[in-house]
Amino acid sequence: MIPAPFDYKRASSAAEAISLISEYGQDAKFLAGGHSLLPLMKLRLASPAVLIDIARITDLSYIKDAGDHIAIGALTRHHDVEYSSVLKQHVPLLAHAAGFVGDPQIRHRGTIGGSIAHADPASDLPATTLALGATYVVQGPNGTREIAASNFYKGFLESDLAEDEMLTEIRIPKMNGAGWSFQKFNRRAQDWAIVGVAAWRRGTESGVALVNMDSTPVLATSVSAAIASGSSIADASQQAAAQAHPSDDNNATAQYRTHLAKVLVRRALETASA
Amino acid sequence: MKINITVNGNNTQADVEPRTLLVNYIREHLGLTATNIGCDTSSCGACTVHLNGESVKSCTVLAVQADGASVTTVEGLATNGVMHPMQESFMQNHGLQCGYCTPGMVMAAISLLNENANPTEQEVRIGLEGNLCRCTGYHNIVQSVLACAGKK
Ligand SMILES: Cc1cc2nc3c(=O)[nH]c(=O)nc-3n(C[C@H](O)[C@H](O)[C@H](O)COP(=O)(O)OP(=O)(O)OC[C@H]3O[C@@H](n4cnc5c(N)ncnc54)[C@H](O)[C@@H]3O)c2cc1C
Ligand code: FES
Ligand code: FES
């Protein structure tokens, strides 16, 4: 399958990408790794008239220690997140979760920024960065703004990003030795999660987020509240789906998803607390 | 759009539509037909080639995205008629049956060993999760990769 025809433009800086997207407006889309967008275009589920290739903006591919947090350029590939020694040391949960995105070939192309901007609730990195309390930096024609991950996801494949804004950086607080776990339940290798859980814990503090349990990634705040008030892991994990509205699909019913979320949150917290 | 891609060490140039997929460029424009198309939906890995030395699924890369890059297909592995050790290992270990998945498997396996020269059997299995063999010949494929890594 070959996508419908489109014009192809290349940006060499964020400023150029934003001026191009402002020029072409609604008909244009950014192209990063292309591993969400190109499959949609091949199936004619998306047919942008103009693609603005941002993958060559090499100065947006980096992983930097910024003191209390790690700053990751939006064009950093999953592979580079997975193998980063800085992340393994300071945000091991993210490096580990990146290794579960698709397969090695997909991780050689797909980017963390593309994954977050695409806002697919079934993807691994939106929920993982949400659990970690990330801040996303976006740039538009009028400058940059910061959005807390907890305010970013608005609906299925919908985010707070305006059409002429580009995600440029992901900031993740250092985990400072917190325990962590990433649980991905799927039936076939390489697949998206039927349900997934990213969790960390440091004493009574914790962060727990769910993959594929709603139209957006879900921060399981009731679980963290229960842990903070001294509940056992078994009791806290019963709250796993309190903020979620899962739906039925070919892989699982909503009821089964709710069951999975409780089991996976329990396992994740047990590992994170060990 | 005019593109310039080094394929198996040779400089290639063409004027392509932006929607041309890398796999179609390789197969149809260059006539290098060893790289197969299986699923066409980035699931099976039959179309795996190396882009700047790393495995990618060429059905999900545009030729214009590979402009200026270096691509290696399975045709580019042998040197002076001597097969690459991974090709030799697939042959010695009966790592192929019908051969449809083989070009992609070999390219994925070489990329895997480039990143992890000393994998366990489990790491090989997980490392090849993006490649399907419809003959289900996985056992000998895994043995071939382990043998190439000197682990058998
Ligand atoms: C077979 C297969 C299996 C997969 N399995 C998984 C999986 O298990 N888990 C998982 O999490 N993901 C999975 N993915 C998705 C993969 O992680 C994608 O790489 C990722 O979701 C999108 O990143 P990209 O860089 O390829 O983005 P693209 O496809 O280039 O872009 C995606 C969308 O985001 C927009 N965009 C991209 N970058 C920016 C930016 N910086 N600012 C603003 N907008 C931007 C684009 O315009 C587009 O709308 C899979 C993909 C495939 C093909
Ligand atoms: S043809 Fe490209 S992954 Fe199947
Ligand atoms: S050998 Fe036939 S598909 Fe793998």
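Computed from a predicted structure; not experimentally measured.

Asker: Lay out the interface of chain A and chain B with the relevant residues and their values.
Answerer: With 32 residues of chain A at the contact, the number on the chain B side is 31 residues. Between chain A and chain B, a total of about 2,500 Å² is buried, with carbon and sulfur atoms accounting for 52% of that surface. If you sort the residues of chain A by the area they bury against chain B, Gln-105, His-108 and Arg-109 of chain A come out on top, with a joint share of 23%. Put simply, chain A and chain B have four salt bridges between them. Here Lys-42 of chain A makes a salt bridge to Asp-40 of chain B, at a shortest N to O gap of 2.8 Å. It is helix H6 (residues 104–107) of chain A that contributes the most residues to the side of chain A that touches chain B, four residues altogether. Grouping the amino acids of the side of chain A that touches chain B by side-chain chemistry returns 16 nonpolar, eight polar and eight charged.

Asker: Tell me about the sheet that holds strand S13 (residues 205–211) of chain A, residues and numbers included.
Answerer: All names here are of chain A. Across the sheet, which stays open at both edges, the four strands sit in the order S11-S12-S13-S14 with antiparallel pairing between neighbours. Two strands in the sheet have a free side with no partner beyond their single neighbour: strand S11 (179–185) and strand S14 (218–219). In this structure, strand S12 (residues 195–202) lies alongside S13, joined through seven bridges in antiparallel fashion. Across the sheet, residue Trp-200 finds its bridge partner in S13, namely Gly-207. Against the sheet, helix H8 (residues 124–131) touches S11, S12, S13 and S14, its axis set at about 165° to S13. Each of S12, S13 and S14 is contacted by helix H10 (residues 221–228), which is oriented at about 155° to S13, the strand it contacts most.

Asker: So what's going on with the pairing of strand S7 (residues 143–148) of chain A? Which residues, and what values?
Answerer: Residues and elements named next belong to chain A. Two strands pair when backbone bridges link them, and strand S6 (residues 135–140) and S7 are joined in this way by six bridges, in the antiparallel orientation. Across the sheet, Val-138 pairs through a bridge with Arg-145, a residue of S7. Where S6 folds back on S7, the antiparallel hairpin that results is connected by two residues.

Asker: Can you explain the site of ligand 1? Please cite residues and give values.
Answerer: Neighbouring ligand 1 are 32 residues; Phe-30, Gly-34, His-35, Leu-37 and Thr-111 of chain A lie closest to it. Of the chains in the model, those with residues near ligand 1 are chains A and B. Expressed as a share of its isolated accessible area of 960 Å², the protein-covered part of ligand 1 is 96%. When residues in the shell around ligand 1 are grouped by element, the largest group, four residues, is from helix H7 (residues 112–118) of chain A. Here the shell around ligand 1 is built from residues that sort into 14 nonpolar, 14 polar and four charged.

Asker: Account for the pairing of strand S10 (residues 166–173) of chain A, with residues named and values stated.
Answerer: Residue and element names in this part refer to chain A. Counting buried residues along S10, six of its eight residues qualify, which places the element largely inside the surrounding structure. Bridging between S6 and S10 involves five bridges; their strand directions are antiparallel. In the sheet register, Thr-135 faces S10, and the bridge partner there is Arg-171.

Asker: I'd like a rundown of the packing of helix H2 (residues 85–92) of chain B against helix H3 (residues 102–115) of chain B, residues and numbers included.
Answerer: Residues and elements named next belong to chain B. Contact geometry for H2 and H3: axes closest at 10 Å, N-to-C directions at 125°. Between H2 and H3, the crossing angle belongs to the class labelled oblique. The two elements H2 and H3 meet at a crossing, and its hand is right-handed. Contacts between H2 and H3 involve Met-86, Gln-87 and Phe-90 on the former and, on the latter, Thr-102, Met-105, Val-106, Ala-109, Ile-110 and Leu-113.

Asker: Give me the nonpolar core: which residues, what numbers.
Answerer: Ranked by internal contacts, the top residues of the largest apolar core, which has 56 residues, are Leu-94, Tyr-136, Met-166 and Ile-170 of chain A. For Ile-170 of chain A, the residues in contact, after removing those within four places along its chain, are Ile-70, Ala-71, Ile-72, Ala-74, Ile-112, Gly-113, Ile-116, Thr-129, Ala-134, Thr-135 and Tyr-136 of chain A.

Asker: Summarise unusual backbone geometry; cite the residues concerned and give the values.
Answerer: Residue and element names in this part refer to chain B. Non-glycine residue His-94 carries a positive phi angle of around 55°. Position of His-94 relative to the elements: it lies in the loop between H2 and H3. The class for His-94 is exposed, based on a relative accessible area of 51%. A positive phi angle, close to 55°, is found at Thr-136, a residue other than glycine. Within the secondary structure, Thr-136 is located in the loop between helix H4 (121–127) and helix H5 (138–148). Under the relative-accessibility criterion, Thr-136 is labelled exposed at 58%.

Asker: Any chance you could break down the sheet that holds strand S2 (residues 28–31) of chain A for me, citing the residues and the numbers?
Answerer: All names here are of chain A. Taken in spatial order, the three strands make up an open sheet running S1-S3-S2, and their pairing is parallel. Edge positions in the sheet fall to strand S1 (7–10) and S2, since each has one partner strand and no second. If you compare each strand with its neighbour and ignore which way they point, the axes differ by 25° on average. Across the sheet, helix H1 (residues 14–24) lies against S1, S2 and strand S3 (50–53), angled at about 155° from S2, the strand it touches most.

Asker: Go over the domain arrangement of chain A, please, and point to the residues and values.
Answerer: Residue and element names in this part refer to chain A. Domain annotation of chain A identifies domain 1 (7–53), domain 2 (58–173) and domain 3 (179–273). Inter-centroid distance (C-alpha atoms) of domain 2 to domain 3 is 20 Å. Counting residues at the interface gives 22 residues for domain 2, matched by 22 residues for domain 3. Of the roughly 1,800 Å² buried between domain 2 and domain 3, counting both surfaces, carbon and sulfur atoms make up 71%. When the buried surface of domain 2 facing domain 3 is broken down by residue, Leu-93, Pro-121 and Ala-131 rank first, second and third, together holding 28% of it. On inspection of domain 2 and its partner domain 3, the count reaches one salt bridge. We note a salt bridge from Lys-184 to Asp-124, for which the minimum N-O separation is 2.9 Å. Linking domain 2 to domain 3 there are six residue pairs in polar contact (both at pLDDT 80 or more).

How each quantity is defined
Residues numbered from 1 in each chain as written. Chains lettered and ligands numbered in written order. Predicted model: local features only at pLDDT ≥ 70, side-chain atom pairs only at ≥ 80, totals over all residues. Heavy atoms only, no water. Contact = heavy atoms within 4.5 Å. Buried area = accessible area lost by both parts, 1.4 Å probe. Salt bridge = Lys/Arg side-chain N within 4 Å of Asp/Glu carboxyl O. Helix = DSSP H or I, 4+ residues; strand = E, 2+ residues; numbered from the N terminus. Nonpolar A, V, L, I, M, F, W, Y, C, P; charged D, E, K, R; others polar. Pairing = 2+ DSSP bridges. Axes fitted to C-alpha atoms, helices over the stretch in contact; angles between N-to-C directions. Near = heavy atom within 4 Å. Areas by Shrake-Rupley, 256 points an atom, 1.4 Å probe, with all protein chains shown as cover. Buried < 20%, exposed > 50% of the residue type's maximum accessible area, 1.4 Å probe, protein only. Parallel < 35°, antiparallel > 145°, perpendicular 65-115°, else oblique. Left-handed = near helix turned anticlockwise from the far one by under 90°. Core = buried A, V, L, I, M, F, W, Y, C linked by side-chain atoms within 4.5 Å. Domains from an automatic or database assignment. Polar contact = N/O pair within 3.5 Å; in protein donor to acceptor, adjacent residues only side chain to side chain.

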